Amino acid sequence: MDISRIHQIFLESNGICTDTRKIESNTIFFALKGENFNGNTYASQALELGAAYSIIDEAVYKTSEKHILVKNVIQTLQELATYHREYLKVPIIALTGSNGKTTTKELINNVLSTKFRTTATIGNLNNHIGVPITLLSMTKKTEIGIVEMGANHQREIDFLCSIARPDYGYITNIGKAHLEGFGGIEGVLKGKTELYRHLKQNNKLAFINAEDPKLVKAAKDLKIYSFSQGDENDVKIKFLDTNPNVVVSYQNQIIESNLIGAYNFTNIAAAIAIGNYFKIDADYIKQAIESYIPLNNRSQIIEKDNCTILLDAYNANPTSMEAAIKNFDILKNLDHKIAFLGDMFELGDEAKAEHQKIADFIVSTAVHEIHLIGSNFYSTENNDPRIKKYKSFDDLKDNWSLALKNKESILLIKGSRGMKLERILDLL
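Rules behind the numbers
Residues numbered from 1 in each chain as written. Predicted model: local features only at pLDDT ≥ 70, side-chain atom pairs only at ≥ 80, totals over all residues. Heavy atoms only, no water. UniProt positions renumbered as here; feature names shortened; annotations may be inferred. 1 Å grid on protein atoms, 1.4 Å probe; cavity = no way out; pocket = protein on both sides within 12 Å on 5 of 7 lines; lining within 4 Å. Helix = DSSP H or I, 4+ residues; strand = E, 2+ residues; numbered from the N terminus. Buried < 20%, exposed > 50% of the residue type's maximum accessible area, 1.4 Å probe, protein only. Contact = heavy atoms within 4.5 Å. Salt bridge = Lys/Arg side-chain N within 4 Å of Asp/Glu carboxyl O. Polar contact = N/O pair within 3.5 Å; in protein donor to acceptor, adjacent residues only side chain to side chain. Pairing = 2+ DSSP bridges. Axes fitted to C-alpha atoms, helices over the stretch in contact; angles between N-to-C directions. Phe/Tyr/Trp six-rings, centres within 6.5 Å; stacked < 30°, edge-to-face > 60°. Lys NZ or Arg CZ within 6 Å of the ring centre and 35° of its normal.

1. Quick look at the UniProt feature "binding site: ATP" (unreviewed entry) in the protein chain
Residues annotated by UniProt as "binding site: ATP" (unreviewed entry) correspond here to Gly97, Ser98, Asn99, Gly100, Lys101, Thr102 and Thr103. Lining the largest pocket, from the residues just named, are Ser98, Asn99, Gly100, Lys101, Thr102 and Thr103. Inspection of the secondary structure assignment puts glycine 97 in the loop between strand E7 (92–96) and helix H4 (101–112). The class for glycine 97 is buried, based on a relative accessible area of 0%. For glycine 97, the contacting residues outside a window of four places in its chain are Ile171, Thr172, Asn173 and Lys192.

2. Considerations on the UniProt feature "domain: Mur ligase N-terminal catalytic" (unreviewed entry) in the protein chain
Under the UniProt annotation, the feature "domain: Mur ligase N-terminal catalytic" (unreviewed entry) is placed at residues 14–82. Between the first and last C-alpha atoms of residues 14–82 the distance is 18 Å; the span itself is 23% helix and 23% strand.

3. So, the pattern of salt bridges
In total, this model carries 17 salt bridges according to the counting rule given. One salt bridge in this structure joins arginine 165 and glutamate 86, with 3.4 Å as the shortest N-O distance. Of this pair, arginine 165 sits in the loop between helix H6 (156–164) and strand E10 (168–171) while glutamate 86 sits in helix H3 (residues 73–88), placing them 79 residues apart in sequence. When salt bridges that share partners are traced, they join Lys33, Asp57 and Glu58 into one network.

4. Observations concerning unusual backbone geometry
If you check the backbone angles, asparagine 252 has positive phi at about 65 degrees while not being a glycine. Considering the arrangement of structural elements, one finds asparagine 252 in the loop between strand E15 (245–250) and strand E16 (253–260). The phi dihedral of lysine 420 is positive, around 50 degrees, even though this residue is not glycine. You can see lysine 420 is positioned in the segment after strand E22 (409–414).

5. Points about the side chain of threonine 242
Relative to the helices and strands, threonine 242 resides in strand E14 (residues 238–242). Judged by its relative accessible area of 4%, threonine 242 falls in the buried class. For threonine 242, the side chain forms a polar contact with the main-chain oxygen of proline 244, separated by 2.5 Å. Within the structure, threonine 242 has its side chain in polar contact with the backbone nitrogen of glycine 261 (distance 3.5 Å). Discounting residues that sit within four places of it in the chain, threonine 242 has contacts with Gly261, Ala262, Asn327, Ile330 and Leu331.

6. Some points on the sheet that holds strand E1 (residues 16–17)
With parallel pairing, the 4 strands of this open sheet are ordered in space as E1-E2-E5-E6. In this open sheet, the two strands that pair with only one neighbour each are E1 and strand E6 (67–69). Contacts between H3 and the sheet are confined to E1, strand E2 (28–30) and strand E5 (53–56), with E2 contributing the most and set at about 130 degrees to the helix.

7. Points about the packing of aromatic side chains
Tallying each qualifying case throughout the model produces 10 aromatic pairs. Between phenylalanine 207 and tyrosine 277 the ring centres are 5.4 Å apart and the planes differ by 80 degrees, which places this aromatic pair in the edge-to-face class. Of this pair, phenylalanine 207 sits in strand E11 (residues 205–209) while tyrosine 277 sits in helix H11 (residues 265–277), and the two are 70 residues apart along the sequence. Owing to a relative accessible area of 27%, tyrosine 277 belongs among the partly exposed residues under this scheme. Judged by centre distance (5.0 Å) and plane angle (75 degrees), the ring pair of tyrosine 225 and tyrosine 277 falls under edge-to-face. One end of the pair, tyrosine 225, is in strand E12 (residues 223–228); the other, tyrosine 277, is in helix H11, with 52 residues separating them in the sequence. Using a relative accessible area of 13% as the deciding quantity, one classes tyrosine 225 as buried. The structure contains a cluster of three or more aromatic residues connected by ring pairs, namely Phe116, Tyr168, Phe207, Tyr225, Tyr277 and Phe278. Of note, lysine 337 hangs over the ring of phenylalanine 328, and the distance from its end group to the ring centre comes to 5.9 Å. One residue, arginine 423, lies across the ring of phenylalanine 393, its end atom 3.9 Å from the ring centre.

This is the structure we're talking about:
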């Protein structure tokens, strides 16, 4: 069956599903495969649960006309997503980068949805499966699509662009993330700017933070729309303060966000600039930024007893870790600062050196107590008496106590997703 016929079936359905536990009536089940599962084995069960069709790629499982046999299920999913994207002709904004992708995507969506019907990536479904799922969630009512793209190796962004075919692109930054897969920081730059190369080849537009020299250089010869704190670019947005929330000014408006950390300034500024490009009124932009509340352990502020907790434990790499520590250090009027830092993953051969750099950096700050958690941080060498090290979270749990009852304290919790440092909240 060709992709146009599958698309017609898709249009008559209630959408797609890749998990039989989430099957809804009249959906199309895509029998994806993984290292430890084979979706083909669930194809008949999906029909029994209400799916209209099951798309499979192993003939042995075709037992009715409701099983659609294709050469490769995941490839069919991707081809269907591109076909649907071209069918709708919705303008697509793609964004990638080392840090801040999901927060920036949510901010952009908040801003644009004040004027347009938007469809945006849910959560961080930003890979070779998530991007097609996002595209297939768009309908004729969608006026702008916002697609987050993640990558941990070369050519991945290029491939995702070939699926989504974006009209606009934004790269948040280039940092020390996924160094193992990209082969170092230059590899990260090369990999992330595959988005720029797609935009250039197709005469599309890039949104640019004009204060990021790496990205400005990479975007030469591109059609661009730029923002900065100066007057020489398309949009001017000024950073005013963070203590701990970020405050900015734009078109004589003071915008008070619910995001912590100066590192979130550019994420906010990008959303404002993109809103400006799409001619959204400044009042609506202000309302959209101020109404965004971070969730899922990303830049959250939590009040617990006499503690203020800066929870940023969704992910971490050396760039975002250093930025979080810098921000924590400059917070004013605070009696007792305590940092909990967890291991950073996917750094390959650079892991030892990068964890040592972070340990060395934090002892140069005014943080009062420093707790380093995980095997990489445990192996760092530093004699500063403020540092306590733990091999794992369980080691922390068994050997840690804080005398917080008589102190107003502020805590920073930062680590890679696999460390699950939000569990510290249960220890307080």
